[in-house]
Amino acid sequence: MSIRIGIVTASDRASAGVYEDLSGKAIRDRLTEYLISPWEPVYKLIPDDRETIEQVLVSLIDEENCCLVVTTGGTGPAPRDVTPEATAAVCDKILPGFGELMRSVSLQYVPTAILSRQTAGIRGNGLIVNLPGKPKSIRECLDAVFPAIPYCLDLIGAPYLECNREQVKVFRPKPKS
């Protein structure tokens, strides 16, 4: 059985067909490079609407059985940027270290990274991670936080993710002797 991973792009314009969703594709491509475990993407392209985002996040974890949901878009300071609020509303626990690390990494490239509000949280035995909207930033941020994701999933009772060590060095504690 393959592992299900949600990929959510929150974008008014992409969901309206104004432009192609390159961000969701960037997440899928990077996860394909990282993962050896068989996995299936569950893709959603939705508008920047808090209620819709909340419903999709809940559905992906509770009904679609995704152990990981990676979002892109809606993390800035604009009025329609509500992905972090939607994430916080549906999570049992927030993991602020994800956002702290992503902002720290992004600050190496752009001073406006301080405007970013990415976060992560746990719902049941699923992890939700909010990424920025640009494919280049997605890669930088996902490269930074992904090493902790498989172990986080282990801790919350999600499926075990095997990763390609040539692409990503994940952290898992050594077994006790």
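About the cut-offs
- Sequence order as written defines the numbering, with residues in each chain counted from 1.
- In keeping with the model being predicted, local features are shown solely for residues with a pLDDT of at least 70 and side-chain atom pairs are shown and tallied solely at 80 or more, while totals for entire chains, interfaces and linings include all residues.
- Side-chain descriptors were evaluated using all non-hydrogen atoms of the structure, hydrogens and water having been removed beforehand.
- Each helix corresponds to a stretch of at least 4 residues labelled H or I by DSSP, and each strand to a stretch of at least 2 residues labelled E; elements are numbered beginning at the N terminus.
- Only the C-alpha atoms count toward the radius of gyration. The rule for a globule is 2.2 Å times the residue count to the power 0.38.
- A simple rule labels every residue: compare its accessible area, found with a 1.4 Å probe on the protein chains alone, to the largest value its type can have, and call it buried under 20%, exposed over 50%, or partly exposed in between.
- Residues are treated as being in contact if the distance between any of their heavy atoms lies within 4.5 Å.
- Positive charges are assigned to Lys and Arg, negative charges to Asp and Glu, while His and the chain termini are left out of the count.
- A single reference atom marks each charge: NZ on Lys, CZ on Arg, CG on Asp, CD on Glu.
- UniProt positions are given in the numbering used here, feature names are shortened, and annotations may be inferred rather than shown by experiment.
- We call two strands paired when DSSP finds no fewer than two bridges between them.
- Every axis in this analysis is a line fitted to C-alpha atoms, fitted for helices over the stretch in contact. Angles between the N-to-C directions lie between 0 and 180 degrees.
- Working definition: roughly parallel below 35 degrees, roughly antiparallel above 145 degrees, roughly perpendicular at 65 to 115 degrees, and oblique for all remaining angles.
- Note on convention: near helix rotated counterclockwise from far helix by under a right angle means a left-handed crossing. Clockwise means right-handed.
- In this classification, the charged set is Asp, Glu, Lys and Arg, the nonpolar set is Ala, Val, Leu, Ile, Met, Phe, Trp, Tyr, Cys and Pro, and all remaining amino acids, among them Gly, are polar.
- Planes of paired rings set the category: under 30 degrees apart is stacked, over 60 is edge-to-face and the rest tilted, where pairs are Phe, Tyr or Trp rings (Trp by its six-membered ring) whose centres lie within 6.5 Å.
- We call a charge positioned above a ring when the Lys NZ or Arg CZ atom is no farther than 6 Å from the ring centre and deviates by at most 35 degrees from the ring normal.
- Site definitions follow a grid-based scheme: protein atoms alone, a 1 Å grid, a 1.4 Å probe that fits but cannot get out for cavities, and for pockets an open set with protein on both sides within 12 Å along at least five of seven lines, plus lining residues having an atom within 4 Å of a point.
- Grid points are joined across faces, edges and corners, and a volume is the space filled by probe spheres set on the points.

**Quick notes on the overall build of the protein**
Part 1 of the reasoning: Of regular secondary structure, the protein possesses 7 helices and 6 strands.
Part 2 of the reasoning: Each helix and strand of the protein, placed in order from N terminus to C terminus, yields the pattern β-α-α-β-α-β-α-β-α-β-β-α-α.
Part 3 of the reasoning: The globule rule puts the C-alpha radius of gyration for 177 residues at 16 Å, and the 15 Å found for the protein is close to it.
Part 4 of the reasoning: Considered along the principal axes of its C-alpha atoms, the protein spans approximately 55 × 40 × 30 Å.
Part 5 of the reasoning: Buried residues in the protein amount to 47% of all 177 residues.
Part 6 of the reasoning: Partitioning the contacts of the protein with sequence separation of at least 6, the portion at a separation of at least 24 is 73%.
Part 7 of the reasoning: Distance from the positive charge centre (20 side chains) to the negative charge centre (22 side chains) of the protein: 6 Å.

**Brief notes about the UniProt feature "domain: MoaB/Mog" (unreviewed entry) in the protein**
Part 1 of the reasoning: UniProt records the feature "domain: MoaB/Mog" (unreviewed entry) at residues 6-152, using the numbering of this structure.
Part 2 of the reasoning: In residues 6-152, helix accounts for 44% and strand for 20%; the two terminal C-alpha atoms are 16 Å from one another.

**A word on the sheet that holds strand β5 (residues 120-123)**
Part 1 of the reasoning: Here we have 6 strands laid out as an open sheet, ordered β2-β1-β3-β6-β5-β4, and mixed in their pairing. The open sheet is flanked by β2 (39-46) and β4 (93-94), the only strands paired with a single partner.
Part 2 of the reasoning: Here strand β1 (residues 3-10) pairs with β2 via 8 bridges, running parallel. Directly across from Ala-10, in β2, lies its bridge partner Ile-46.
Part 3 of the reasoning: Its contacts with the sheet put helix α2 (residues 22-34) on β1, β2, β3 (68-72) and β6 (126-131), and the angle it makes with β1 is roughly 155 degrees.

**Describing the packing of helix α3 (residues 50-63) against helix α4 (residues 83-90)**
If you want to describe how two helices pack, look at the angle between their axes and the distance between the axes.
Part 1 of the reasoning: Running from amino to carboxyl end, α3 crosses α4 at an angle of 45 degrees, the nearest separation of the two axes being 9 Å. Relative to α4, the element α3 is oriented oblique. The chirality of how α3 crosses α4 is right-handed. Contacts between α3 and α4 involve Arg-50, Ile-53, Glu-54, Leu-57 and Val-58 from the first element and Thr-83, Glu-85, Ala-86, Thr-87, Ala-89 and Val-90 from the second.
Part 2 of the reasoning: Of the residues belonging to the contact of α3 with α4, the class tally is 6 nonpolar, 2 polar and 3 charged.

**With respect to the packing of aromatic side chains**
Centre distance and the angle of the planes are the two values used to describe a pair of aromatic rings.
Part 1 of the reasoning: For the structure shown, the criterion picks out 2 aromatic pairs.
Part 2 of the reasoning: Between Tyr-151 and Phe-171 the ring centres are 5.9 Å apart and the planes differ by 85 degrees, which places this aromatic pair in the edge-to-face class. Within this pair, whereas Tyr-151 is found in helix α7 (residues 149-155), its partner Phe-171 is found in the segment after α7, the two being separated by 20 residues in sequence.
Part 3 of the reasoning: Given the relative accessible area of 26%, Tyr-151 is considered partly exposed.
Part 4 of the reasoning: Across from the ring centre of Tyr-160, 3.8 Å away, lies the NZ or CZ of Arg-172, which sits over that ring.

**Focus on the layout of surface pockets**
Part 1 of the reasoning: By volume, the largest pocket is sized at about 810 Å³.
Part 2 of the reasoning: Lining the largest pocket are 33 residues, with Gly-73, Thr-75, Pro-132, Gly-133 and Lys-134 sitting closest to its centre.
Part 3 of the reasoning: At the level of secondary structure, the elements contributing two or more residues to the lining of the largest pocket comprise β1, α1 (12-15), α2 and α6 (135-145).
Part 4 of the reasoning: For the lining of the largest pocket, a count of residues per class yields 10 nonpolar, 14 polar and 9 charged.

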